[in-house]
Amino acid sequence: EEEDDLSELPPLEDVGRPPAPPREDSQPPEQGRGDAAGEPQEWLDVLGNGLLKKKTLVPGQGVDSRPQKGQDVTIRLKATLEDGTVVEEDPALTFTLGDCDVLQALDLCVQLLEMGETALITSDAKYCYGAQGRSPDIPPNASLTLEVELLGARDAPDLELLSGKEKIQLANRKRERGNFFYQQADYVLAINSYDIALRIVGSSSKVDFSPDEEAELLDVKVKCLNNLAASQLKLDHFKAALKSCNLVLEHQPGNIKALFRKGKVLAQQGEYREAIPILKAALKLEPSNKTIHAELSKLVKKHADQRNVETEMYRKMLGNPSAASTPRKCKDKLPWSIPWKWLFGATAIALGGVALSVVIAARN
C-alpha cells in the first residue's frame, strides 16, 4: 500500500547490480554417462523435493575427500539452459563453501562432491537466479544444468594474518554478494552475507594497518551496516534494524541513510514523536531530498491524528470539566456554604477520634 520508502535514497550502498557469481541448473538429460564400470549412475535428490538433483559422471577419490564448510574450494564449472545454451564457463572458480558466495545449487551440492569427481547438477530456478534471472543471458525462472568438477579444497585464510588490502577485498566481496541477494529480494541471505562481511571487518589482526586502510575498513563497515538495516527493515525486524542504524550513527552521526532508516523504524513502531526530529535532522542535511520530505509530512500528519485520538479518548474517560456541565440546582439547595478547609479539618478530627477510640478499646 505504501510506496517504496527508498525510491530516491538508494536502499544499498554502491549498488550497481554486482556481477553475479556463476550457479546454474537444468532438467536431467535423457541419458546420463555411466561410471568407470560402465553402469549408469542414479540421480540423487539432494533436498528431497525434486528441485535439486545430482548425478556422478566421473567418480572421485572417496567420501573422505569431500570438502568441509568454511573451506575455500575450486571447481570447474559449465552452466547451460534447458535448450543447451551455455551461459557460464569457468575453468577455476574459487569460493568459500557455505558462505553463499555462489548460487545455492552450487553451495549445496559441491559439499557432496569427492575430490576429482565430475557431476551433473540440475536445479530449479529457486536455487539459481530465481524470478529475476540474470540479464541478458538467463531469463526469469530459468532452470539450469551445471557440470561441475571439484579441483581442490583448502582451509580459508586466517583473518588475523590478512593484510589491510586483503581484508578489505574479502569484506567487499561478501558485501557485494549481499547486494546481489538484496536485488533478488532474498533478504535473509543478504543479511547472512552482510553479517559475514562485518565479522571479517571486526576480526582481530596481528598485522598493522595504515590510516588509509583503517578508514577504508570503517567505510566498508558503515556500508554493510546500512545495507543490513535496509534488509532488516524489509523483513520487519525493527529492533535489529534500529541497532544497525545506531551502530552507523556512532561512527557517523550525520549519515543520512542511517538517520532516514532510524526514523522509518521508529515510525513503524508508532513512535512518531521520536521519529520526527530524526527525519528533520536528515532533511537538514539534504533539504532537497523528496523522499525525506514525503516521509516527514506523512509522519507529522500521523502524529497529529494520533494526538487527536488520544485527546478524544481522555475526554471520554475524564468527562468534560467545563462549568456549563455543573448543575446549578445542587448549589442552590445549600442554605449556606462551608469552606473546604473547614470540611477537611472536621473530617480529620473525626477520623482522629475514631482512631483514639480503637486504641483505648484495645488497651482495655
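First things first, this report covers the structure right here in the doc. (Residues numbered from 1 in each chain as written. Predicted model: local features only at pLDDT ≥ 70, side-chain atom pairs only at ≥ 80, totals over all residues. Heavy atoms only, no water.)

**Details of the overall build of the protein**
- Looking only at helices and strands, one finds ten helices and six strands in the protein.
- Restricting to contacts in the protein with at least 6 residues of sequence separation, those with at least 24 account for 70%.
- As displayed, the protein offers around 21,000 Å² of accessible surface, 53% of which is attributable to carbon and sulfur atoms. (Helix = DSSP H or I, 4+ residues; strand = E, 2+ residues; numbered from the N terminus. Contact = heavy atoms within 4.5 Å. Areas by Shrake-Rupley, 256 points an atom, 1.4 Å probe, with all protein chains shown as cover.)

**A look at the pattern of salt bridges**
- Enumeration according to the criterion identifies eleven salt bridges in this entry.
- For Glu 295, the salt bridge goes to Lys 298, with nearest N and O atoms at 3.4 Å. Pair noted here: Glu 295 and Lys 298 are both in helix H8 (residues 290–318), with a separation of three residues, about one helical turn.
- Its relative accessible area of 28% is what places Lys 298 among the partly exposed residues.
- Shared partners join several salt bridges into a network, and the residues in it are Arg 76, Glu 147 and Glu 149. (Salt bridge = Lys/Arg side-chain N within 4 Å of Asp/Glu carboxyl O. Buried < 20%, exposed > 50% of the residue type's maximum accessible area, 1.4 Å probe, protein only.)

**Section: the sheet that holds strand E1 (residues 44–45)**
- With antiparallel pairing, the six strands of this open sheet are ordered in space as E1-E2-E5-E6-E3-E4. The sheet is open, and its two edges are formed by E1 and strand E4 (86–96), each paired on a single side. (Pairing = 2+ DSSP bridges.)

**Here's the deal with the environment of Asn 49**
- With respect to the helices and strands, Asn 49 occurs in the loop between E1 and strand E2 (52–58).
- A polar side-chain atom of Asn 49 sits 3.0 Å from a polar atom in the side chain of Tyr 127. (Polar contact = N/O pair within 3.5 Å; in protein donor to acceptor, adjacent residues only side chain to side chain.)

**A look at the packing of aromatic side chains**
- If you walk through the whole model with that rule in mind, you get three aromatic pairs.
- Taken together, a centroid distance of 6.1 Å and an interplanar angle of 85 degrees make the contact between Tyr 129 and Phe 180 edge-to-face. Placement of the pair is Tyr 129 in the loop between strand E5 (118–123) and strand E6 (144–155) and Phe 180 in helix H2 (residues 164–183), with a sequence separation of 51 residues. Both residues of the pair, Tyr 129 and Phe 180, belong to the buried class. (Phe/Tyr/Trp six-rings, centres within 6.5 Å; stacked < 30°, edge-to-face > 60°.)

**Structural notes on the pairing of E5**
- Counting buried positions along E5 gives six out of six residues, so the element sits mostly inside the fold.
- Judged from the six bridges that link them, E2 and E5 form a sheet pairing that is antiparallel. Bridge pairing links Lys 55 to Leu 120 in E5.

**Description of the packing of H2 against helix H4 (residues 211–234)**
- One way to put it is that H2 packs onto H4 with a least axis distance of 10 Å and a crossing angle of 20 degrees. It follows that H2 is roughly parallel to H4 by the angle criterion. Where H2 crosses over H4, the two elements pack in a sense that is left-handed. Along its contact with H2, which presents Gly 164, Lys 165, Lys 167, Ile 168, Ala 171, Asn 172, Arg 175, Asn 179 and Tyr 182, the element H4 presents Glu 213, Glu 216, Leu 217, Val 220, Lys 223, Cys 224, Asn 227, Ala 230, Ser 231 and Lys 234.
- Tallied by class, the residues present in the contact of H2 with H4 amount to seven nonpolar, five polar and seven charged. (Axes fitted to C-alpha atoms, helices over the stretch in contact; angles between N-to-C directions. Parallel < 35°, antiparallel > 145°, perpendicular 65-115°, else oblique. Left-handed = near helix turned anticlockwise from the far one by under 90°. Nonpolar A, V, L, I, M, F, W, Y, C, P; charged D, E, K, R; others polar.)

**Quick notes on helix H6 (residues 256–268)**
- Between its first and last C-alpha, H6 extends 18 Å over 13 residues, near the 18 Å set by a 1.5 Å rise per residue.
- Listed as buried for H6 are Ile 256, Lys 257, Ala 258, Leu 259, Phe 260, Arg 261, Lys 262, Gly 263, Lys 264, Val 265, Leu 266 and Ala 267.
- Of the residues that open H6, the one with a side-chain oxygen 3.2 Å from the backbone nitrogen of Lys 257 is Asn 255.
- The first or second residue beyond H6 is Gly 270, which carries a positive phi of 80 degrees. (Expected span 1.5 Å × (residues − 1).)

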